Amino acid sequence: MSAFCPDTWPFPIALLPAEAHLVGGSVRDQLLHRQSSYLDLDFVLPQRAIETAADIAKACNAGFVVLDAQRQIARVVFEQITVDFAQQQGESLEADLRRRDFTINAIAYHPITQSIVDPLGGQQDISRKAIRMVSADNLAADPLRLMRAYRQAAQLNFTVEPDTQQAIHQLSPQIKQIAVERIRSELDALLSVANSDEQFQQILCHELLSDWLPHFDAQSIERMRSIDTAVKQLGTTLPDHGKSLLYKWPKAVPPGSYRSWVKAAKLSCLVSPERAIAQKQLATLSYSRFETQIVLVLLKAQPAINRMCTEELSRSEQFFLFKLAGEAFLAVSLLALAQGVPLSRLEPMIARFWDREDAIAHAQPLITGHEVMQQLNMSPGPKLGQLLSAIEQAQANGLLTTKEDTISWLIQSGE
């Protein structure tokens with residue numbers, strides 16, 4: 001689908017009012033020839049924005065939701081496209097465009113006449129790959145735009161121009177006003193872009209994340225740079241494993257989500273190495289319990305990664321690392337390679353991970369606590385926990401491999 005080709009849209013152009021203009025990121029991306037499997041269209045209308053959205057949704061049997069009744073913004077949802085309709089801000093289309101964040105996002109396209117409205121030179125900034133603010137006042141009106149400048153620079157491989165950087169630096173204290181959920185969304189998008197270390201360097205310089213991530217420093221950026229290098233290495237030498245690092249988890253996530261093992265690995269570089277402190281920092285940014293647990297697992301796996309840098313892990317050490325990591329071993333393997341573990345040392349463990357029958361990487365409990373109590377005619381208590389731990393340690397060392405072996409061992413130990 002194309003933003004500039006109404007024939008590919010899931011609704012007929014005849015349903016659009018003559019005054020409707022396409023604006024924002026879809027116009028910018030079309031001018032950049034960027035393609036996406038999921039298209040977002042944003043229209044601005046001088047009047048009847050919500051009514052127009054409702055009419056199109058009804059005519060096409062599509063989803064419809066009012067996003068902001070006061071500002072007159074509504075959304076129509078199709079299978080592979082989301083279409084937003086917003087009431088024009090100001091007395092004219094040009095006035096609306098002059099309220100926007102950056103010149104590259106302040107370009108409008110009229111789908112009926114196929115004409116472009118560009119009062120601020122956004123096309124020229126696209127040509128020179130520059131992120132340039134419309135005005136400092138516009139940045140101050142929504143301080144999240146301070147982060148968005150660097151996120152878009154990373155995604156588009158653009159550079160934030162000097163005057164805009166200076167304004168961001170001056171306005172940086174105002175970012176504290178922004179809801180943490182919005183901060184997290186921009187951060188996640190940036191973490192999901194490869195080779196974004198220059199943008200993170202500027203964010204660090206302007207202290208845009210210092211209130212939420214006080215442990216984020218120059219070393220964090222270096223570690224993230226190493227992760228990008230490791231992703232490329234795995235993509236070349238172990239392509240199937242490398243592709244899996246980019247998969248979203250869980251599988252059922254909405255379009256625009258930024259969950260991946262690469263992002264989780266990078267996020268672990270920004271928080272405190274102390275798990276209790278890291279947990280509080282992630283909670284402050286409103287990360288989900290699931291994502292928080294993944295990062296905490298990566299921090300807990302760090303001693304094993306450090307050990308792998310100098311020698312192979314024993315069978316028992318591998319057993320407990322796999323038990324700790326579970327599916328997050330994908331991120332563990334990435335962190336290990338990024339921190340200097342030789343790929344030759346990692347490859348056997350990666351092979352174990354992908355072998356779902358492997359008794360070390362995917363070990364199943366040999367016996368349940370209930371079965372132990374039955375065999376020894378005992379009650380719950382500390383002794384039961386000690387026995388289960390002993391059984392697991394013996395399993396990790398390869399001394400016990402079946403339930404029958406375990407029962408015999410229990411009987412002998414109980415004599």
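Counting from 1, residues in each chain are numbered in the order their sequence is written. With the structure being a predicted model, the display of local features is reserved for residues of pLDDT at least 70 and the display and counting of side-chain atom pairs for 80 or more, all residues being used for whole-chain, interface and lining totals. The side-chain figures draw on all heavy atoms in the structure; neither hydrogens nor water molecules are used.

A. Representation of the overall build of the protein in the model. Along its length, the protein carries 21 helices and nine strands. Its C-alpha atoms put the protein at 90 × 50 × 40 Å along the principal axes. Residues counted as buried form 48% of the 415 residues belonging to the protein. A separation of at least 24 residues holds for 64% of the contacts in the protein among residues at least 6 apart in sequence. Averaging the coordinates of the 39 positive side-chain charges in the protein and doing the same for the 46 negative ones gives two points 2 Å apart. A run of H or I in DSSP becomes a helix once it reaches four residues, and a run of E becomes a strand once it reaches two; helices and strands are each numbered from the N terminus. Relative accessible area decides the class of each residue, using a 1.4 Å probe on protein chains only: under 20% of the type maximum gives buried, over 50% gives exposed, and in between gives partly exposed. Contacts are residue-level and defined by heavy atoms, with any inter-residue pair within 4.5 Å sufficient. Charge counting follows a simple rule: Lys and Arg are positive, Asp and Glu are negative, and His as well as the terminal groups are ignored. In plain terms, the charge of a residue is placed at NZ if it is Lys, CZ if Arg, CG if Asp and CD if Glu.

B. Summary view of the pairing of strand β5 (residues 81–87). Of all seven residues making up β5, six are buried, and the element is well covered by its neighbours. Judged from the seven bridges that link them, strand β2 (residues 39–45) and β5 form a sheet pairing that is parallel. Paired with Leu45 across the bridge in β5 is Gln87. The rule for pairing is simple: two strands pair if DSSP sees at least two bridges between them. In the sheet, strand β4 (residues 73–77) pairs with β5 via five bridges, with the strands oriented antiparallel. The residue of β5 that forms the bridge with Val77 is Thr82. Hairpin remark: β4 followed by β5, antiparallel, with three residues in the connecting loop.

C. A look at the layout of surface pockets. The space that makes up the second largest pocket amounts to roughly 320 Å³. Here the element with the most residues in the lining of the second largest pocket is helix α20 (residues 382–396); it accounts for four residues. Under the grouping applied here, Gly and all other residues not named as nonpolar or charged are polar, the nonpolar ones being Ala, Val, Leu, Ile, Met, Phe, Trp, Tyr, Cys and Pro and the charged ones Asp, Glu, Lys and Arg. For the lining of the second largest pocket, the class distribution of residues is 11 nonpolar, four polar and four charged. With a 1 Å grid laid over protein atoms only, a set of points is called a cavity when a 1.4 Å probe fits there but cannot get out and a pocket when it is open yet has protein on both sides within 12 Å along at least five of seven lines; lining residues have an atom within 4 Å of a point. Grid points are joined across faces, edges and corners, and a volume is the space filled by probe spheres set on the points.

D. Summary view of the environment of Leu330. Mapping Leu330 onto the fold places it in helix α17 (residues 329–338). Expressed as a C-alpha distance, the spacing of Leu330 and Lys263, which sit 67 residues apart in the sequence, is 12 Å. Leaving out residues up to four positions away in the same chain, Leu330 has contacts with His241, Ser244, Leu245, Trp261, Phe353 and Trp354.

E. Broad picture of the packing of aromatic side chains. Any two of the Phe, Tyr and Trp rings considered here, Trp counted by its six-membered ring, make a pair once their centres fall within 6.5 Å; the pair's planes then place it as stacked at under 30 degrees, edge-to-face at over 60, or tilted in between. The full count for this structure, using the stated rule, is 10 aromatic pairs. Measuring from ring centre to ring centre gives 5.1 Å for Phe319 and Phe320, while their planes differ by 80°; the resulting arrangement is edge-to-face. On the basis of relative accessibility, which here comes to 28%, the residue Phe320 falls in the partly exposed class. These aromatic residues form a ring-pair network of at least three members: Trp9, Phe11, Phe43, Phe78 and Phe85. A ring is considered to have a charge above it if a Lys NZ or an Arg CZ atom is located within 6 Å of its centre and within 35 degrees of its normal. Above the plane of the ring of Tyr287 lies Arg184, whose end atom (NZ or CZ) is 5.8 Å from the centre. In this structure, Arg356 is placed above the aromatic ring of Phe353, and the distance from its NZ or CZ to the ring centre is 4.9 Å.

F. Examining the nonpolar core more closely. Among the buried residues, those of types Ala, Val, Leu, Ile, Met, Phe, Trp, Tyr and Cys that are joined through side-chain atoms within 4.5 Å form a nonpolar core. Core analysis: the largest hydrophobic core is formed by 113 residues, its most contacted members being Phe43 and Phe85. The greatest single-element share of this core, amounting to nine residues, is contributed by α17. Those residues in contact with Phe85, other than ones at most four positions away along the chain, are Leu16, Phe43, Leu45, Ala49, Thr52, Ala53, Ile56, Gln72, Ile73, Ala74 and Val76. By size, the runner-up hydrophobic cluster in this structure holds 10 residues, among which are Leu366, Met373, Leu387 and Ile391.

G. Looking closely at the confidence of the model for the protein. As a per-residue measure, pLDDT reflects the predictor's confidence and takes values from 0 up to 100. Mean pLDDT over the protein: 92, with 96% of residues reaching 70 or higher. Element-level pLDDT for the protein is lowest in helix α21 (residues 403–414), with a mean of 84, against a maximum mean of 98 in strand β8 (residues 130–131).

H. Local environment of empty space enclosed by the protein. Counting across every chain of the model gives one cavity of 30 Å³ or more. In this structure, the largest cavity encloses a volume near 30 Å³. Elements represented by at least two residues in the lining of the largest cavity include exactly α9 (197–206) and α10 (218–237). Among the residues forming the lining of the largest cavity, the class breakdown is three nonpolar, one polar and three charged.

I. Summary view of helix α14 (residues 289–300). Here α14 spans 16 Å end to end across 12 residues, near enough to the 16 Å set by a 1.5 Å rise per residue. Looking at the packing, one finds that the buried side of α14 touches α12 (261–267), α13 (275–284), α15 (302–308), α16 (315–325) and α17. Given the number of residues in a helix, its expected span is that number minus one, multiplied by 1.5 Å.

J. Main features of helix α6 (residues 144–156). Under the 1.5 Å per step criterion, the end-to-end length of α6 is 18 Å for 13 residues, consistent within 8% with the ideal 18 Å. With 12 of 13 residues buried, α6 lies mostly within the body of the structure. Those residues of α6 that sit buried are Leu144, Arg145, Leu146, Met147, Arg148, Ala149, Tyr150, Arg151, Gln152, Ala153, Ala154 and Leu156.

K. Highlighting the pattern of salt bridges. Salt bridge criterion: a side-chain nitrogen from Lys or Arg within 4 Å of a carboxyl oxygen from Asp or Glu. This model, assessed by the stated rule, comprises 25 salt bridges. The salt bridge partner of Arg48 is Asp55, with a shortest N-O separation of 3.7 Å. We note a salt bridge from Asp68 to Arg71, for which the minimum N-O separation is 3.9 Å. When salt bridges with common partners are traced through the structure, they connect Asp101, Arg148, Arg151 and Glu186 into a single cluster.

L. Looking closely at the environment of Glu51. Inspection of the secondary structure assignment puts Glu51 in helix α2 (residues 49–60). With relative accessibility at 36%, the residue Glu51 sits in the partly exposed group. Measuring from C-alpha to C-alpha, the distance between Glu51 and Ile73 comes to 9.9 Å, with 22 residues separating the pair along the chain.

M. Local environment of the side chain of Gln165. Structurally, Gln165 is set in helix α7 (residues 162–171). Those residues within four positions of Gln165 in sequence are excluded, and the remaining contacts are Tyr150, Val160, Gln202 and His206.

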